[in-house]
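# Observations on chain architecture
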Amino acid sequence: MKVPFLDLEAHHRPHRAEFQDAMNRVIDAGAFAGGSYVAAFEEEFATYCDSAYAVGVGSGTEALWIAMLAMGVGPGDEVITSPASFMATAEAITYCGATPVFVDIDEETYNLDPKQLERALTAKTRAIVPVHLFGQPADMAAILDFAQANRLLVVEDAAQAHGAAYGGRRIGSFGDAAGFSFYPGKNLGAFGEAGAVTTSDEDLAKRMRMFRDHGQVEKYYHDVVGWNGRMDGIQAAILSIKLRYLDTCNALRRRYAQEYRERISAMPHASEVVLPVEADGVDHVYHLFAVRVPERDRVLERMKDLGIACGIHYPIPIHLQHAYSGLGYGRGAFPIAEKCAEQFLSLPMFPEMTTEQIGAVVEALNEGLAAVTAV
Ligand SMILES: *Cc1c(COP(=O)(O)O)cnc(C)c1O
């Protein structure tokens, strides 16, 4: 049986008429760049994230960047983040003119380990960017305590965690701001590129709106040098519809995660697999279902031969990326992040999966492990 990594066609099929109708309305209104559909989605998304404001922008990368720019993060500042993330997390810091400083991750949750923060703190530290990796909220209580004690800003990278909760409250409402991505494959995805920042700080929301619109306070009156970071009207109209289905889709992801867990635990090679661990008090939304296995590349190849499309998130931690060689981190700087990067294997995970597909993935995983452990 062939199992795709995700199936956007199946995801969109049931709502196609609704999407087409929404796009027609945007065309009729001519509200293409920013405009009323963006404003409506911003309000809905802010409410969804237990936040006062949401500012729609062009991508998740831009969301993180504009949030930090508007906070005044810049040259000379250091921003602490996780090396186990997508490159964009660090890029946003660099594009503010600041320097990313990495700390190792927790081996169970794969999120930034708050116990490592003290060691990374310097007089230049300005902010922390915790990443809610794979859809699991980072340890926000410890991170916020540390930030408060040291007067640091906190910008959540929530690109993989739409709808995830920590202590019963939705993420996106814990830091000074949170950056979301609506890249098509994310739990809440647009029909192209889009992103948003949530915050409950009115002044910050105003500054972000200014930055995403060329620093304008009024048409052709520019208070600061900004950027064109507006969200498209079509993306906003699509996102307003898809937001209504997000909780249902996240519940399905959680159900499939449970099914994976049970079936993997019951397979002959179960003892070679490290399953994802849910921290206490979090609602994980399984943007990715990443297990850890030995000989990962060979297991992945074998599964591919059997028709199962897996992914690796991410094969190289950010501190070892060529682009960041100038920061001077060597191999061994963050041993847990480095070990996990060699072992991570993301299994197919999407709301339209079937029980048969989950069964086929688990069978192929077991076969892949059997192949690499046979002597
Ligand atoms: C997807 C992603 C981003 C970037 O979002 P884009 O919309 O692709 O720019 C940032 N951080 C993480 C953790 C992501 O997964």
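For clarity, every value in this text was computed on a predicted model and none was experimentally measured.

All right, on to the pattern of salt bridges then. Across all of its chains, the model carries 16 salt bridges by this definition. Ionic pairing is found between Glu-9 and Arg-13, a salt bridge with its closest N-O pair at 2.6 Å. Taking the shortest distance from any N to any O, the salt bridge between Arg-209 and Glu-42 comes out at 3.0 Å. Here Arg-209, found in helix α8 (residues 202-211), pairs with Glu-42, found in helix α3 (residues 36-48); they are 167 residues apart in sequence, far enough to count as distant. Overall, Arg-209 belongs to the partly exposed group, its relative accessible area being 28%. Shared partners join several salt bridges into a network, and the residues in it are Glu-42, Arg-209 and Arg-212.

In this section: the sheet that holds strand β7 (residues 169-170). Pairing within the open sheet is antiparallel, and its three strands lie in the order β7-β6-β12. At either margin of the open sheet sits one strand with a lone partner, and together these are β7 and β12 (282-283). Where strand β6 (residues 165-166) lies against β12, two bridges are found, and the strand directions are antiparallel. Directly across from Tyr-166, in β12, lies its bridge partner Val-282.

To continue, consider the layout of surface pockets. Of the volumes computed, that of the largest pocket is approximately 520 Å³. Lining the largest pocket are 28 residues, and of these Phe-86, Ser-181, Tyr-183, Lys-186 and Tyr-314 lie nearest its centre. Broken down by secondary-structure element, the contributors of at least two residues to the lining of the largest pocket are α4 (60-71), α5 (88-95) and β8 (177-181). Partitioned by chemical class, the residues of the lining of the largest pocket number 13 nonpolar, 11 polar and four charged.

Moving on: the packing of aromatic side chains. Think of a pair of aromatic rings as described by two things: how far the centres are apart, and how the planes are tilted against each other in angle. Applying the stated rule across the entire model yields 17 aromatic pairs. Ring geometry for Phe-41 versus Phe-45: centroids 5.5 Å apart, planes at 20°, classification stacked. A residue pair is termed a helical-turn pair when its members lie 3 or 4 positions apart in one helix, as Phe-41 and Phe-45 do in helix α3 at four residues. Phe-45 shares its class with Phe-41; the two are buried. Between Trp-65 and Trp-227 the ring centres are 5.4 Å apart and the planes differ by 90°, which places this aromatic pair in the edge-to-face class. Of this pair, Trp-65 sits in helix α4 while Trp-227 sits in the loop between β11 (221-222) and α9 (233-266), and the two are 162 residues apart along the sequence.

Checked against the element boundaries, Arg-296 lands in helix α10 (residues 296-305). For Arg-296, a relative accessible area of 6% corresponds to the buried category. Within the local environment of Arg-296, its side chain forms a polar contact with the side chain of Asp-297, the two groups lying 2.7 Å apart. A polar atom in the side chain of Arg-296 sits 2.7 Å from the backbone oxygen of Phe-344.

Parameters at a glance
- Residues numbered from 1 in each chain as written.
- Predicted model: local features only at pLDDT ≥ 70, side-chain atom pairs only at ≥ 80, totals over all residues.
- Heavy atoms only, no water.
- Salt bridge = Lys/Arg side-chain N within 4 Å of Asp/Glu carboxyl O.
- Helix = DSSP H or I, 4+ residues; strand = E, 2+ residues; numbered from the N terminus.
- Buried < 20%, exposed > 50% of the residue type's maximum accessible area, 1.4 Å probe, protein only.
- Pairing = 2+ DSSP bridges.
- 1 Å grid on protein atoms, 1.4 Å probe; cavity = no way out; pocket = protein on both sides within 12 Å on 5 of 7 lines; lining within 4 Å.
- Points joined across faces, edges and corners; volume = space filled by probe spheres on them.
- Nonpolar A, V, L, I, M, F, W, Y, C, P; charged D, E, K, R; others polar.
- Phe/Tyr/Trp six-rings, centres within 6.5 Å; stacked < 30°, edge-to-face > 60°.
- Polar contact = N/O pair within 3.5 Å; in protein donor to acceptor, adjacent residues only side chain to side chain.

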